[in-house]
Structures are given as C-alpha cells and as structure tokens.
Amino acid sequence: MMFSSKACSVLLVLSLALGGASARALLTSVDADSPVASASTTVKDEPQTSETPSKETKVELGSAGDYVMLTKTGISTVPNSDITGDMGVSPIAATAMTGFSLSKDSGGKFSTSSQLNGKAFASNYEEPTPTHLTAAVGDMETAFTDAKGRRNDDPERRNLNGGALGGEYGGETAPLTPGVYTFGSDVTIGANIY
C-alpha cells in the first residue's frame, strides 16, 4: 500500500474513520504541497484547468490536512507498506496503530517505522501531540460534516464501480475529477488513484 503527501484531498478516509458504512468521497483541488487524506493508494494531483471546472468549493481540512491518515479508531497494516506523510490516532492510544513496528522517539512525542516516511502520532504521547491531535480530529469532523452535507447530482459519481476504486475507476487512465462521490456500500481502493 502506498500513500502520497502530494495531491488532491480525498475525504474518503475521513468518512471511513468516522465509522460511516455509507462512504462519501470528495476530491478538491488543493495546493501541490498540501497533504492528502487517503487509503491504500497513491493519490496524485490532477490540476484544475478551464476544461475541468469544479462546481464545488474546496472542503477545508484545517489541521487534519497535516496527516495522510487520521482516525479515531485505529490504523492497521500488513507489511510491507510504503506510506509517505504523517499519520495520527486520537482519542485512541498508539496501540491502535498495528502492523507498523513503531519506535517512539526519545522525547515521546511521535513514533517512526520503516514503513512510514513520516511520523506516527497518538493521543497518549507527550505534549503537544495530544493537543494537536484533538484539534486535527475536530477539523476532520468539521470537514466530514461539510462533505456529507453536499449534494451529489451527478449519476456518474454515485456508487462508482460498486465502491471498488483504482484501475479503470479512478486509475491513471481514468482519473477521478473534483466533486462529490457517494457510495451506498464500503469503498475499497485496490490500486493507485489519480
């Protein structure tokens, strides 16, 4: 599994992290340096041009955008993952990040892993980590509420490929475009999303 910190924001993980079985994903144009919230994939920026206008305003991620993965319930992996960017769990403890063989830094503020090109943060680490995570989770919930409240009037963005994304549905030859995507079932990302 690969994650990238370059790109467009995918609120899919925010939806899944908050426990919704009915997932919603919202792709929005953002700065190339902005981190991505993503799952099981590399997400690459598809620049906004006059040919790809967005009818949507950008969902503001706030400090949740500092993480490529942020969840209230945990993050699991089966080695070997290749994650680029920071990840965090809150209010749950670091034990909710499994499969990473985490090594805590000497100051107790973050952990590292050979599968993570970034840092792992948890609410039971030393300050200011819990304070930052509380703010990020609040921003994540605000972003989720915003995205959840948006309409999806495009039938092409409803239950795209039954929720199986990557390849022909969001892959390099058929990239997802900015807008709200709604799913009535679980969403799996089996390959890179563009």
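Note that this is a predicted model, so its numbers are computed, not measured.

### Things to note about the nonpolar core
If you look at the biggest cluster of nonpolar residues, it comprises 13 residues, and the most contacted ones within it are Met69, Ile75, Ile83, Met87, Met97, Phe100 and Ala122. For this core, the secondary structure elements donating two or more residues are strand S7 (87-89) and strand S11 (116-122). In terms of residue count, the dominant contributor to this core is S11 (three residues). Core analysis: the second largest hydrophobic core is formed by nine residues, Ala64, Tyr67, Leu70 and Phe110 among them.

### Let's talk about the packing of aromatic side chains
With the rule as written, the count across this model stands at two aromatic pairs. Aromatic side chains tyrosine 67 and phenylalanine 121 sit 6.1 Å apart centroid to centroid with 85° between the ring planes, which places their arrangement in the edge-to-face category. Of this pair, tyrosine 67 sits in the loop between strand S3 (24-28) and strand S4 (69-71) while phenylalanine 121 sits in strand S11; the two residues are 54 residues apart in sequence, bridging distant segments of the chain. Here tyrosine 67 and phenylalanine 121 have matching classes, each one buried.

### Points about the side chain of threonine 71
Relative to the helices and strands, threonine 71 is located in strand S4. Within polar-contact distance, the side chain of threonine 71 engages the backbone nitrogen of threonine 73 at 3.0 Å.

### Brief notes about the confidence of the model for the chain
On average, the chain scores 77 in pLDDT, and the residues at 70 or more come to 71%. Note on residues 1-53: pLDDT is under 50 here. Beyond four places in sequence and across chains, it has 165 contacts.

### A short note on the side chain of serine 113
Assignment of secondary structure puts serine 113 in strand S10 (residues 111-113). Within the structure, the side chain of serine 113 is placed 2.6 Å from the backbone oxygen of phenylalanine 100, a separation counted as a polar contact.

How each quantity is defined
- Residues numbered from 1 in each chain as written.
- Predicted model: local features only at pLDDT ≥ 70, side-chain atom pairs only at ≥ 80, totals over all residues.
- Heavy atoms only, no water.
- Core = buried A, V, L, I, M, F, W, Y, C linked by side-chain atoms within 4.5 Å.
- Buried < 20%, exposed > 50% of the residue type's maximum accessible area, 1.4 Å probe, protein only.
- Helix = DSSP H or I, 4+ residues; strand = E, 2+ residues; numbered from the N terminus.
- Phe/Tyr/Trp six-rings, centres within 6.5 Å; stacked < 30°, edge-to-face > 60°.
- Polar contact = N/O pair within 3.5 Å; in protein donor to acceptor, adjacent residues only side chain to side chain.
- pLDDT = per-residue confidence, 0-100.
- Contact = heavy atoms within 4.5 Å.

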